Amino acid sequence: MTLPSHAEIVIVGGGIAGCSTAYHLAKLGKTDVLLLEQGRLTSGTTWHAAGLVGQMRPNRSMTQMSKYGIELYATLEAETGLATGWKQCGSVNVAKTPERMQMLRKQLAMARAFGVECHEITPAEIARRVPVLRTDDLQGGLWLPGDGKANPADLCMSLAKGARNRGVKIMEGVEVTGVTQARGRVTGVVTAQGTVSCDVVINCGGQWSRQFGRLAGVNVPLFSAEHFYIVTERIAGVTPDMPVVRDPDGLIYYKEEVGGLVMGGFELEAKPWQVDPIPSTFQFELLGEDWDQFEPLMTNAIHRTPCLETAQVKMLLNGPESFTPDGNFILGEAPELGNYFVCAGFNSAGIANSGGAGRLIAEWVAAGEPASDVWEVDIRRFAPFTGNRRALAERTGETLGLHYAMRWPRQELRTVRPLRTSPLYDLLKDKGAEFGSKNGWERVNYFRPETPSAAHTLGTPGWLPWMIEEQRATREAVALYDQTSFSKLLLQGRDALHVLQRLCGNEMDVPVGRMVYTPMLNARGGIESDLTVTRLAEDQFHIVTGSAQATRDADWIRRHIVADQHAVLTDVSALTCVLSVMGPKARELLARVSPDDLSPAGLKFSWTKEIDLGHARVRAARMSYVGGPGFELYVPVEMTRHVYLALMAAGQDLGLRDAGYYALDALRIEQGRRAWGAELGPDETPWQAGLGFSVKLDKPGGFIGHDALVASQHLPLRKKLVSVVLGDATRYAWGGETVLLAGEPVGELSSVGWSPLAGACVALGYVRGDAARVPHEGTAAEILLWGERVPVTLHDQWPARVAA
C-alpha cells in the first residue's frame, strides 16, 4: 500500500487502543482514517498482555465503559470472522483480611448499583470454583460471572479487520517522526515515507506515547515499568472453565492457559524501565528475567496455590508496560494542541479497557466533546510539570504496586513530594501539619499534637478529635485555612466580559469589586466547572477554581475564545496565596490588623476590596465556603508569611487556630456546599445539583447550555442531590456508599464529613429514578457501609445551616 498524501484522521499506534479507536471511528461513519504502526500490529505491549477482562471500575461512567467492552468482545468474532479468544469464564476476587472483605462488600454494593452481576461467596464456594486455591485463611470473596479473558493479539487483529472492512487504511512499518501544526492546530504527520496532511491526530502509541507527544509539545505523563508473569505447564485441577482469580492481599492474579496457569501481579516496589527514549525497534521483544524482583509475588502465589511449588514453569515473562502518575489512563484532546487526541496509559489494563476507551475517544473526536463525564481519565487533569521524567519514574515505582495494595480511605501517595508548596509550608509543618497532595500542591489535611500520625482505618479515624477542634474554632471563634492551592486565572482584554457571558450561566456584567459564583456548562447543560469570578476592572476578571482544575478550565475557556475576540487568559496561580479567615470572630481579628472597614456595610457578602493588613496590601473578599461569617484574603506570595504571622500574633486571645482541608471539607458538606468532581461534573445539571440560583436564563445573549436548561427546566429529574444524615453517631462513612430506599439501591454518597451540628457524619449524594422525583424532608433510608446497613435520613435541604 502506498502512503496516502491526506487522511481526515491519522491514528498513530497499532496496538489494542489504536485498533479499537479505528474500529469505532469507522462505526461512526468516519472512514477516511489512516492507522500507522511503526512495527507490526500488536508488536509493542499488546502481544504479551495477560488478557484479563473485568467490568468493575471506581465510578458509574467508567463501569459502563468497561461493560460495553465486554459486550463488544463477545460479539466481535461473529462480525469479523476472526477469533478473539474471548471466554466468559467469570472472575473470583478473594479476601484474606477482614478489612479487604469489607472493601469487597463495598464493591459488591457498587456493582449492583451499577448494573453488574456480582455475588458474595464463601471460602467453600471459592474452593469449589477454583480447586487449586488454598482457602482456609480466606474471609470470602466475590463472584462476577460476566468477567472473562481474551487473547490480546487475536482481539486486536479482529478489531483491525473490523476497521478495514469499513474502509480504514492500516499501514505497518511506518514510523511517525513528527507532527505538523499551524495556528495551534494539527495539520499533518511526518514519516520516513513522506508527509500526510490530516485534520486530526490520535496518539495511541502505548509506552511510546510520551516521547511521541513531545514531538508536538504535548504532555502525556506515563512511564514504563518492568512487568512480570509466569506461564506453567499443565497442572492437575486446572480446567479451561477456571475463572480469572485476583488475590489482592497477595498482590497476584491467575488465569488458565492451555491447562496451566498464568500468574502475575503488582509488586509493592516496582522496577521502572530506565530506557529513554524507547527505541522504535523494540518490537515483539521482552526484557530479561528477574527472579529477585518477582520473588515476593512467587512466594505469595505458592502460598495461595501450593501446586505451583512443584509445577513446571515454562517462562518468567518480563514485558514493559506503561503507568501513569495516578493509575488512571489518559484520554482526550490535548490542551497544548487543537485536534491532537490521546488514548494511552492503560496501566497494564489495556485489554480490559480499550474496547470502551476506543469508542469513547472516537465519539469525542466525532462530536468535539465527550458524551459523558470522563474527568478521572481526562488528559487535562495533568499539569505540564507532570511530564518530568525523573518524577514519572519514581511515581511509577509506587503506582504499579497500588493496583492490588490495600487502598485506605484518604491514603496519600508518597513519592515526588513535596513539590508545590505555599510560603507557609515550613511554618505549618513545624506546627504539626499533616499534608496531603493535590495537583502537586502540598495542602494541610489537619494538625496533630505531639503524637504519631494517625493510622489508616476503615472505621472512625484517629485524627477525628483533632479535626473536631479545628471545626470548633471555625464555628465558635476563628480559624485560619491556607488555601493557596486554589487555581487562579486572569482573563483580560476588550472582549473579556463577552467571553465570560457566553461561558458562564450567571450574570457576569457586575460592578468592579463584585464576586460572582457561576457554573460553566456544556451544550447538554452539564457543569464543566464551577468558578468564583471577581471583576477587577471593566476588562479584567480574576477567576478562582479548584486546585486540580487549572489546566482543564483554562483549556475550556481558551477554546471558546473565538479568533476575532480580544481576550487573553493567564494562569496566575503562583502569584497569589489565599488565606481564609473563618468564624464569628473573623472580623474582630481583621480589625486588629487592618484599619479598613470590614463590617457588613463596609464590605458586603460576595464583594471584595483591597485593604491594608499589617504592612501588606491584600484583596479581601467576604465569602465563606464553610458557611457562617468569614473572609478570603488574596495575598501576594512574597507578603504571605508576613500576613500570616501578623494574623497569628493578633488572634491568640480570640482562640485563633490553624485548620486544614479535612475540617473545611466536612464543614462545607454540612452546609450543603457542592464540590466539582464530587457533586458537580459534566453529567450533572444545575437543576439536579440544586444550583438553579446560579444560572440566569433571561441573561441577554444566552450562554452555552442555555437551551438544554430551558428544555429540561420543568421535566422530572432523573437524579437529585440530597443531604444525608447518618442515624448512628458511632459509624463513620467515607464516600461512595450505596443509598438504599425500601431496600433498593437508588444512589451513592458523593462526599462525607463529620458534622458538629449533627454529632454524626453528614453526606451529600445523588438519588436517582423515582427517588429523585419526590421531596425528602427526613425520609428514612439506609446506606451500605462496608456491607452493613446503617440508617440515614434524606433531606432536600437539611435545616441545620449556619447563617453567613
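Above this text sits the structure in question.
Residues numbered from 1 in each chain as written. Predicted model: local features only at pLDDT ≥ 70, side-chain atom pairs only at ≥ 80, totals over all residues. Heavy atoms only, no water.

Our focus in this paragraph is the sheet that holds strand E26 (residues 515-521). An order of E26-E27-E28-E25-E29 is seen for the 5 strands of this open sheet, with the pairing classed as antiparallel. Edge positions in the open sheet fall to E26 and strand E29 (568-571), since each of these has one partner strand only. Strand-to-strand twist in this sheet, taken as the mean axis angle between neighbours without regard to direction, amounts to 30°. (Pairing = 2+ DSSP bridges. Helix = DSSP H or I, 4+ residues; strand = E, 2+ residues; numbered from the N terminus. Axes fitted to C-alpha atoms, helices over the stretch in contact; angles between N-to-C directions.)

The next thing to look at is the sheet that holds strand E6 (residues 140-144). The mixed open sheet is built from 8 strands, whose spatial order is E5-E6-E4-E14-E15-E16-E13-E18. The sheet is open, and its two borders are formed by strand E5 (119-121) and strand E18 (313-318), each paired with just one other strand. Geometrically, the sheet is characterised by an average inter-axis angle of 20° between neighbouring strands, direction not taken into account. For strand E13 (residues 228-232) and E18, the ladder comprises 5 bridges, and the chain directions are antiparallel. Among the inter-strand pairings, Val231 is bridged to a residue of E18, identified as Met315. Running over the sheet, helix H3 (residues 98-114) touches strand E4 (91-95), E5 and E6 and is turned about 145° from E4. (Contact = heavy atoms within 4.5 Å.)

What follows deals with the pairing of strand E38 (residues 760-768). Of all 9 residues that make up E38, 8 are buried, and the element is covered over most of its length. Strand direction decides the pairing type here: strand E35 (residues 719-726) and E38, joined by 7 bridges, are antiparallel. Note on E38: the bridge partner recorded for Lys719 is Arg768. Sheet topology note: the strand E37 (residues 744-755)/E38 ladder contains 8 bridges and is antiparallel. (Buried < 20%, exposed > 50% of the residue type's maximum accessible area, 1.4 Å probe, protein only.)

Turning to the pairing of strand E40 (residues 788-795), a few remarks are in order. Relative to E40, E35 runs antiparallel, the two sharing 4 bridges. Counterpart to Val724 in the pairing with E40 is Leu794. With 8 bridges connecting them, strand E39 (residues 777-785) and E40 associate as antiparallel partners. Counted as the bridge partner of Glu777 is His795 from E40. Counting the residues in the hairpin turn of E39 and E40 gives 2 residues, including Trp786, whose phi is positive at 50°.

Glancing now at the pattern of salt bridges. When the charged atoms of two side chains lie near each other, side chains of opposite charge can form a pair. Applying the stated criterion across every chain, the model contains 51 salt bridges. Arg535 is the salt-bridge partner of Asp509, the closest N and O atoms lying 2.8 Å from each other. With Asp509 in the loop between helix H12 (496-503) and E26 and Arg535 in strand E27 (residues 527-537), the pair connects residues that are 26 residues apart, well separated along the chain. The class for Asp509 is partly exposed, based on a relative accessible area of 45%. Overall, Arg535 belongs to the buried group, its relative accessible area being 4%. A salt bridge links Glu748 to Arg768, with the nearest nitrogen and oxygen atoms 3.1 Å apart. With Glu748 in strand E37 and Arg768 in strand E38, this pair connects stretches of sequence that are 20 residues apart. Accessibility expressed as a relative area gives 14% for Glu748, which makes it buried. Classification of Arg768 by relative accessible area gives partly exposed; the value is 24%. Here the residues in one salt-bridge network are Glu333, Asp378, Arg380, Glu528, Arg552, Asp555 and Arg559, joined through shared partners. (Salt bridge = Lys/Arg side-chain N within 4 Å of Asp/Glu carboxyl O.)

Moving on to the packing of aromatic side chains. Given two aromatic rings, their pairing is described by the distance between the two centres and the angle made by the two planes. Across all of its chains, the model carries 18 aromatic pairs by this definition. Note on Phe228 and Phe294: the rings are 6.3 Å apart at their centroids and 50° apart in plane angle, and the pair reads as tilted. Remark: Phe294 occurs in helix H7 (residues 291-304) and Phe228 occurs in strand E13; sequence separation between them is 66 residues. Note on accessibility: Phe228 and Phe294 belong to one class, buried. Measuring from centroid to centroid gives 6.3 Å for Trp463 and Trp734, while their planes differ by 75°, and the two rings are edge-to-face. Of this pair, Trp463 sits in the loop between strand E23 (441-447) and helix H11 (464-476) while Trp734 sits in the loop between E35 and strand E36 (738-741); the two residues are 271 residues apart in sequence, bridging distant segments of the chain. For the pair shown, Trp463 and Trp734 are each scored as buried. Every member of this aromatic cluster is reached through a ring pair, and the members are Tyr446, Trp463, Trp466, Tyr662, Tyr732 and Trp734. For Arg359, the ring lying beneath its charged end belongs to Tyr68, and the centroid distance is 3.8 Å. (Phe/Tyr/Trp six-rings, centres within 6.5 Å; stacked < 30°, edge-to-face > 60°. Lys NZ or Arg CZ within 6 Å of the ring centre and 35° of its normal.)

Let's shift gears to the environment of Val377. As for its position among the elements, Val377 is in the loop between helix H8 (350-367) and helix H9 (389-399). For Val377, a relative accessible area of 2% gives the class buried. Residues Val377 and Gly327, 50 residues apart in the sequence, show an inter-C-alpha distance of 9.4 Å. Not counting residues up to four positions away in its chain, the partners in contact with Val377 are Met62, Asn328, Phe329, Ile330 and Leu331.

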